[in-house]
Amino acid sequence: MSKWRNSTLADYIPDDKLEEIKDRVSIVEVISDYVSLKKLGKNYKGLCPFHSEKTPSFMVNEEKQIFHCFGCNTGGNVFNFLMKMDRLSFPEAARGLARRYGIDLSKIKISEADKRESLKREWLFELNELAASYYHNLLINENEGKEAREYLRQRGIGNDVIIDHRLGYAQNSWDGLLKFLLKKGVPLSRVSEVGLIIPKKAQGFYDRFRGRVIFPIINIHDKVIGFGGRVLDNSLPKYLNSPESSIYNKSNSLYGLKVAKDFIRSEDRVIVVEGYFDLLSLNQYNIKNVAATLGTSLTTGHIRILRRYTNNIITVFDADEAGKKAAARSLDVLLKHGTSPKIAVLPSGFDPDSFVRKVGEKGFKEIIAGSIPLIEFAINEVIKKHDISSVEGKVKIIEDVTPILSKIENKIERDIYIQRVSNRLDIKEDTIVSRLLKTKKPGGVLQEKGVQSMDEDIVEKLLLKLMLLNSEVVHRIQEEAIIEEFVNKQYKEIGLLLLEEFNRQGRIDLGRVINCLEDESSKSLISQLSIEKESIEDVPKILKDCINKIRMHKVDEEIKILDIKIKEADEKKDEVLQREFLISRQELKNKQINYRQAFSRHNDA
Ligand SMILES: [Zn+2]
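Residues numbered from 1 in each chain as written. Predicted model: local features only at pLDDT ≥ 70, side-chain atom pairs only at ≥ 80, totals over all residues. Heavy atoms only, no water.

### Remarks on the pattern of salt bridges
The line we're drawing: The rule for a salt bridge is simple: a side-chain nitrogen of Lys or Arg has to be within 4 Å of a carboxyl oxygen of Asp or Glu. Under the scheme used here, helices are H or I runs from DSSP no shorter than 4 residues and strands are E runs no shorter than 2 residues, and both carry numbers assigned from the N terminus.
One pass over the full model with this rule turns up 26 salt bridges. For Lys384, the salt bridge goes to Glu381, with nearest N and O atoms at 3.2 Å. With Lys384 and Glu381 both in helix α15 (residues 374–385) and three residues apart, the pair spans about one turn of that helix. Salt bridges here are not isolated pairs; linked through shared partners, they connect Glu19, Glu501, Arg504 and Arg512.

### Focus: the coordination of the zinc ion
Quick reminder of the rule: Water is not among the atoms examined, so metal sites may look incomplete; donors are the N, O and S atoms within 2.8 Å of the metal, or within 3.2 Å for Na, K and Ca. A four-donor site is classed as tetrahedral when every donor-metal-donor angle falls between 85 and 135 degrees; four donors are called square planar, and six octahedral, when trans pairs exceed 155 degrees and all remaining angles lie between 65 and 115, with any other arrangement labelled irregular. Exposure classes here rest on a 1.4 Å probe applied to the protein chains alone. A residue is buried below 20% of its type maximum, exposed above 50%, and partly exposed in between.
Protein ligation of the zinc ion involves Cys48 (SG), His51 (ND1), Cys69 (SG) and Cys72 (SG), the donor distances falling in the range 2.1 to 2.3 Å. Considering all four donor atoms around the zinc ion, angles at the metal cover 104 to 118° and the coordination shape is tetrahedral. Classification of Cys69 by relative accessible area gives buried; the value is 0%.

### Section: the pairing of strand β14 (residues 313–318)
On a regular strand, one side chain projects to one face of the sheet and the next to the other, so that they alternate. The following threshold applies: Pairing between two strands requires that DSSP report at least two bridges joining them.
Extensive coverage of β14 is indicated by the burial of five of its six residues. Two elements, strand β12 (residues 270–273) and β14, share three bridges in a ladder whose sense is parallel. When the sheet's bridge partners are listed, Val270 is paired in β14 with Ile313. Pairing analysis gives five bridges linking β14 to strand β15 (residues 342–346), with the strands arranged parallel. Among the inter-strand pairings, Thr315 is bridged to a residue of β15, identified as Ile343.

### Observations regarding the nonpolar core
The criterion, for reference: Residues belong to a common nonpolar core when they are buried Ala, Val, Leu, Ile, Met, Phe, Trp, Tyr or Cys residues joined through side-chain atoms within 4.5 Å. Where a domain begins and ends is set by an automatic assignment or by a domain database.
Among the nonpolar cores identified, the biggest contains 60 residues, and Tyr135, Leu152, Leu167, Leu196, Phe227, Tyr255 and Leu280 are the most heavily contacted of them. Per-element accounting of this core gives the leading share, nine residues, to helix α5 (residues 112–140). Composition of this core by domain shows at least three residues from each of domain 2 (112–247) and domain 3 (252–378).

### Regarding the side chain of Asn283
The test is simple: In the analysis that follows, any N or O atom pair within 3.5 Å is treated as a polar contact, provided that within protein one partner can donate a hydrogen and the other can accept it, and provided that, for residues neighboring in sequence, both atoms belong to side chains. Contact definition: two residues touch when any of their heavy atoms are within 4.5 Å.
You can see Asn283 is positioned in helix α11 (residues 276–284). A polar side-chain atom of Asn283 sits 2.7 Å from a polar atom in the side chain of His165. A polar contact of 3.1 Å, which involves the side chain of Asn283, links it to the backbone oxygen of Ile287. In contact with Asn283, not counting residues within four places along its chain, are Val161, His165, Val259, Lys288 and Val290.

### With respect to the packing of α15 against helix α17 (residues 411–425)
Think of two packed helices as two axes; the pair is described by the angle between the axes and how far apart they sit. Spelled out, the test is: Whenever a helix is involved, its axis is fitted only over the stretch in contact; in every case the axis is a line through C-alpha atoms, and angles between N-to-C directions fall within 0 to 180 degrees. What sets the label is the angle itself: under 35 degrees gives roughly parallel, over 145 gives roughly antiparallel, 65 to 115 gives roughly perpendicular, and the rest give oblique. Helix crossings fall into two classes, left-handed where the near helix is turned counterclockwise from the far one by less than a right angle and right-handed where it is turned clockwise.
Here α15 crosses α17 at 25°, and the two axes come no closer than 12 Å. On the basis of their axis angle, the class for α15 and α17 is roughly parallel. Considering how the two elements wind past one another, α15 and α17 form a crossing that is right-handed. Across the interface between the two elements, Ile375, Glu376, Ile379, Asn380 and Ile383 from α15 touch Tyr417, Arg420, Val421 and Arg424 from α17.

### Some thoughts on unusual backbone geometry
Look at the link from Leu236 to Pro237: it is a cis peptide, with omega at -10°. Locating Pro237 in the fold gives a position in the loop between β10 (224–231) and β11 (239–241). At Asn73, a position not held by glycine, the phi torsion is positive, near 65°. With respect to the helices and strands, the residue Asn73 is situated in the loop between β4 (66–69) and β5 (75–76). For Asn73, a relative accessible area of 22% gives the class partly exposed. Phi angles above zero are rare outside glycine, and Asn286 is one such case at about 70°. Along the chain, the position of Asn286 falls in the loop between α11 and β13 (290–292). Asn286 sits in the partly exposed class, given a relative accessible area of 48%.

### Examining the environment of Gly349
Position of Gly349 among the secondary structure elements: in the loop between β15 and α14 (352–369). Each C-alpha atom, one on Gly349 and one on Ala319, is 7.5 Å from the other, the two residues being 30 residues apart in sequence.

### Side note on the sheet that holds β14
The sheet built from five strands is open, its strands ordered β13-β12-β14-β15-β16 with mixed pairing. Edge positions in the open sheet fall to β13 and β16 (372–373), since each of these has one partner strand only.

### So, α11
Working note: α-helix, 3.6 residues per turn, so residues spaced by three or four point in the same direction. Of all nine residues in α11, eight are buried; the element is thus mostly enclosed. Turning to α11, its buried residues are Tyr276, Phe277, Asp278, Leu279, Leu280, Ser281, Leu282 and Asn283. Once α11 finishes, Asn286 follows within two positions and takes phi at roughly 70°, a positive value.

### Some remarks on the pairing of β4
Alternating residues of β4 divide into Ile66 and His68 and Phe67 and Cys69, and every residue in both groups is buried. Note: strand β3 (residues 58–61) against β4, four bridges, orientation antiparallel. For Val60, the partnering residue across the bridge sits in β4 and is Phe67. Counting the residues that bridge the hairpin from β3 to β4 gives four residues, and of these Gln65 lies at a positive phi of roughly 60°. Bridging between β4 and β5 involves two bridges; their strand directions are antiparallel. Looking at the pairing, Phe67 lines up with Gly76 of β5. Where β4 hands over to β5, the hairpin turn is made up of five residues, of which Asn73 adopts a positive phi near 65°.

### Let's talk about the sheet that holds β10
As a general point, the strands of a sheet are linked pairwise by backbone hydrogen bonds and lie either parallel or antiparallel. Within the open sheet, the four strands sit side by side as β6-β9-β10-β11. Their pairing is antiparallel. Lying at the two open borders of the sheet, with one neighbouring strand each, are β6 (168–170) and β11. Geometrically, the sheet is characterised by an average inter-axis angle of 30° between neighbouring strands, direction not taken into account. Bridging between β6 and strand β9 (residues 212–218) involves three bridges; their strand directions are antiparallel. For Ala170, the partnering residue across the bridge sits in β9 and is Arg212. Where α11 meets the sheet, its contacts fall on β9, β10 and β11, and the angle it forms with β9 comes to roughly 80°.

As structure tokens, then:
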């Protein structure tokens, strides 16, 4: 298992140094620089710096060296805190802490492979930079760029925006850039790696972008990672983009962020649009906290980047069916990350570009001010689809609305929406709540019901929680080898990691475990489970019930499979096989009864 794999650069800091940093750092001390913390029992509490709130739900635990916010579900160790707070990479956060706590990181060896990879990337960035300057110069200074300048003028894009975004022009020839690069002595085979030129069938190369306005895609570190290009007329393809390369990954890149990031931070919100011209036109109208996803719907990678600057994400869609579908797709991704996303809906037939040009800055800002939570939008869409006055309609609405409600992590927020839906439908809140309980929804479950009636998913999560609370439990869980039987892959990965960590050093170092996990939601799950206050009274009994429940579920599944096999054997008239299966089935049935009785025995006690 590779440790500290948050970033490849993290390998530059050896494990023993990271251990030293971790041992020396006090998470309460570090976070206190940003958040005013008050001691409350074992934890410290304060107002979350990652979302706006009036009552504190942000907790820090000194002993475990972790933090977790129960409002927005952000959590992790001290490295994750600094990475989010100061928008740092993992090594940057580690280096900062090392400096602060006087740990010398100067004599660190870099592997040859890392060095080569890093040099290669630098080289590709430089190449893109060279190409961007070439295109930009053609657009603003040269005769060849005249038609493109006229085109941009017609679309209302002024000089400031052209300069800010370093727009360019690729002349309509097969070897414009090619000749330029040859003159500079650039090795062409490597240029084709970032897709600026394309190898011909026989030999030689030709330019990818011809007769197009060029949009360099620039990352937050001011490096050109790729390009987009648009034709000046209506010929096809209208848009052309760089292929993905070792420095350009579409689902992790946002257009315009370099220009937008300071505005996003100062206004504490970002407007997400789809296309180049949507963003450029908004900039032209002085709306600058904008990022564009370049045709794809919002991805986890996009959100991760945006959340460095703000938690307030507003996506803009048009009111037609395609726009609504895109909004629905974003819902899952956005809610998974605990952001409170909003949606601004444009009148049908408009995109942000055409709309801002029609109504201007003020009119567009009104649309943004009127944006509604994506959840509300999704619920409204469901209600619109069915007949709210009929019983059947109401039943369908509840069926469709429950999965949406179940995605809301924040309990208060969830309750508010439940109340609203119940008012709109004129039915009892309980009806919706009980429906919700049937869908998988963890949290506070122990108080609500016993282990026997819980979903497998929740039981597995509860076992993880027990492992984090109590090292005796870890021994038992290891003996029973129950983690291997987990159905939920994420929980299984975490469980196995906890066991591995426990075996390595006889205790679970949460900081290390969190660093070993790549997935944000896994990190947040660990910090949540280990900080959240839920007293588990009879640990041995709960543990036994959980193990029992998982085994019972497995037996249930095995019986189902056997039933199918028995039927098949029956159809084939294979009596010998059928009898064999029936005997196994009886054995399983006996097991099942034993498990059931095990529950009722200590439940009666
Ligand atoms: Zn928060």
